[in-house]
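Structure at a glance
Here are the chains, one letter per residue:
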Amino acid sequence: MKAILIEKTDNEQIVLLANVDDARLPDGDVLVDVAYSTINYKDALAITGQAPVVRRFPMIPGIDFTGTVAESSHPEFKSGDRVILNGWGVGETHWGGLAERARVKGEWLVPLPDGIDLRQAAAVGTAGYTAALCVQALERHGITPEKGEIVISGAAGGVGSVATALLATKGYAVTAVTGRTSETTYLRELGAASVIDRAELTGRVKALGKERWAGGIDVAGSTVLANMISMMNYGGVIAACGLAAGMDLPASVAPFILRGVTLAGVDSVMCPKPDRLEAWSLLASDLDLNKLESMVTTVPLSEVIEAAPKFLDGAVRGRLVVPVAG
Ligand code: NDP
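Residues numbered from 1 in each chain as written. Predicted model: local features only at pLDDT ≥ 70, side-chain atom pairs only at ≥ 80, totals over all residues. Heavy atoms only, no water.

For the rest of this paragraph, the subject is the pattern of salt bridges. Pairs may arise between side chains of opposite charge once their charged atoms sit close together. All chains considered together, the criterion is met by 15 salt bridges. Of the charged contacts, one joins E278 and R140 as a salt bridge, the two residues approaching to 3.1 Å between their closest N and O atoms. One end of the pair, E278, is in helix α7 (residues 273–286); the other, R140, is in helix α2 (residues 118–140), with 138 residues separating them in the sequence. Residue E278 is classed as partly exposed on the basis of its relative accessible area of 41%. Close ionic contact of D286 with K170 constitutes a salt bridge, the shortest N to O distance being 3.3 Å. Here D286, found in helix α7, pairs with K170, found in the loop between α3 (158–169) and β9 (174–178); they are 116 residues apart in sequence, far enough to count as distant. Owing to a relative accessible area of 24%, K170 belongs among the partly exposed residues under this scheme. (Salt bridge = Lys/Arg side-chain N within 4 Å of Asp/Glu carboxyl O. Helix = DSSP H or I, 4+ residues; strand = E, 2+ residues; numbered from the N terminus. Buried < 20%, exposed > 50% of the residue type's maximum accessible area, 1.4 Å probe, protein only.)

Right, here's the structure in full:
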């Protein structure tokens, strides 16, 4: 099978498009013919070697894929079933989706929901499913459209684009934050009620700023998240899932103890199956597929290695989908 392979010598990481013998696939009770994989932020880190995402070598990257079951000894799946995989260490400790075949544990798989096809589910991918987990977190903490506006950082990226479209369809007024104001038209077409420059959230963090938003979805961390926290309305909730700006959080406790603000952490990798199923069902019912299409750029498997660094420059809009089936 064709696959992207990351190998490590003493000091160097080598990444190549290789022909790999299927017999080398790792253990698992379901073999999947991969139809599509995608490039997520974490895949870009793995492929460029800019962060220690890969914990075992050689590794096939690709933290997500969609495809059709070829063989299964797992009771919930049979040959011909269409499935989605997101996370579980795939592409980090277990061979991933940027290959024509993948062998995984059946318990990691989610059946393709009705109403979307394999390409659309890949376009959603881990970024979009994480956006849905963030929406779920806001709603579980009682945030409704009537409570006020929702701010989304990194709005032109993968998580941000899907979050913007999803919340707009659900009737929320979205403030999209972007470092690329050239993407204002794109963000408005996704449904953002307003678009603001990221610079508004990168200045000195006040203990308490002017109250602006009822909720937030943050992919950035660091000063961006700290400023968002300081600007939440009384009782506001932020779902935090990313670190595009940094891993630190230079915030004050004041918004938590004086305004009852909640910071809800979101992890997609080890997220339990019931929450995954709920997130995918939300995506299947509430994500506008025309808006999803406007987020997609197709990258052939042969161009994945050169596409990955662009991610880390913040130059990718929406989602990169990789058709894998030969
Ligand atoms: P993308 O690269 O598609 O989007 C990230 C966006 O963040 C960029 O497009 C850019 O948007 C913005 N950005 C880039 N640099 C900075 C910066 N220095 N400060 C503030 N904003 C910045 O990545 P994804 O959407 O796929 O992922 C976003 C983040 O979420 C990543 O950190 C990723 O690791 C994390 N993530 C976490 C998951 C989890 O399970 N917790 C799952 C999936 C992703 P713009 O130009 O519009 O500002």
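Having seen the model, we can carry on.
With that settled, consider the pairing of strand β5 (residues 82–86). Counting buried positions along β5 gives four out of five residues, so the element sits mostly inside the fold. Pairing geometry for strand β4 (residues 64–72) and β5, over five bridges, is antiparallel. In the strand pairing of β5, G67 is matched with V83. Here two bridges tie β5 to strand β7 (residues 110–111), and the two strands are oriented antiparallel to one another. Bridge pairing in β7 places I84 opposite V110. (Pairing = 2+ DSSP bridges.)

In this structure, the amide linkage connecting F57 to the following residue, P58, adopts the cis form with an omega of -10°. Relative to the elements of secondary structure, P58 occurs in the loop between α1 (41–48) and β4. Positive phi is not limited to glycine here, since W88 has a value of about 60°. Unusually for a residue other than glycine, S222 sits at a positive phi of about 50°. Structurally, S222 can be placed in helix α5 (residues 222–230).

It is worth spelling out the site of the ligand at this point. Taken together, 25 residues are adjacent to the ligand, and V159, T178, G179, R180 and S268 come closest. A distance of 2.8 Å is found between an oxygen atom of the ligand and a backbone nitrogen or oxygen belonging to V159. R198 places a polar side-chain atom, nitrogen or oxygen, 2.9 Å from an oxygen atom of the ligand. Within the complex, 87% of the 920 Å² of free accessible area of the ligand lies under protein. For the shell around the ligand, the elements supplying multiple residues, two or more each, are α2 and α3. Across the shell around the ligand, the residue classes tally to 14 nonpolar, eight polar and three charged. (Near = heavy atom within 4 Å. Polar contact = N/O pair within 3.5 Å; in protein donor to acceptor, adjacent residues only side chain to side chain. Areas by Shrake-Rupley, 256 points an atom, 1.4 Å probe, with all protein chains shown as cover. Nonpolar A, V, L, I, M, F, W, Y, C, P; charged D, E, K, R; others polar.)

Right, let's talk about the nonpolar core for a bit. What tends to happen in soluble globular proteins is that the nonpolar side chains get buried as a cluster. One finds L167, L187, I217, W280, L283 and L287 to be the most contacted residues of the largest nonpolar core, which totals 54 residues. Mapped onto this core, the elements with two or more residues apiece are α2, β8 (150–152), α3, β9, α4 (184–190), β12 (232–240), α7 and α8 (289–295). Considering each element in turn, this core owes the most residues, 14 residues, to α2. With near-sequence residues (within four places) excluded, L187 lies in contact with A155, A156, T164, A176, T178, A192 and V195. Core analysis: the second largest hydrophobic core is formed by 45 residues, I4, L25, F77 and W95 among them. (Core = buried A, V, L, I, M, F, W, Y, C linked by side-chain atoms within 4.5 Å. Contact = heavy atoms within 4.5 Å.)

This brings us to α5. Along α5, eight of the nine residues are buried, which leaves the element largely enclosed by surrounding structure. Taken residue by residue, α5 has S222, V224, L225, A226, N227, M228, I229 and S230 as its buried positions. Contacts made by the buried residues of α5 are with β8, β11 (213–218), β12, α6 (254–259) and β13 (262–265).

By definition, a disulfide links the sulfur atoms of two cysteines through a covalent bond. Considering all chains together, one arrives at zero disulfides under this definition. This cysteine, C271, is not joined by any disulfide, and C134 carries the nearest cysteine sulfur, 11 Å off. (Disulfide = S-S within 2.5 Å.)

Moving on, we get to the environment of V195. On the secondary structure map, V195 appears in strand β10 (residues 194–197). In the structure, V195 is positioned 46 residues away from C241 in sequence and 20 Å away in space, judged by C-alpha atoms. Each residue touching V195, except ones within four places of it in the same chain, is listed here: A176, T178, T184, L187 and R188.

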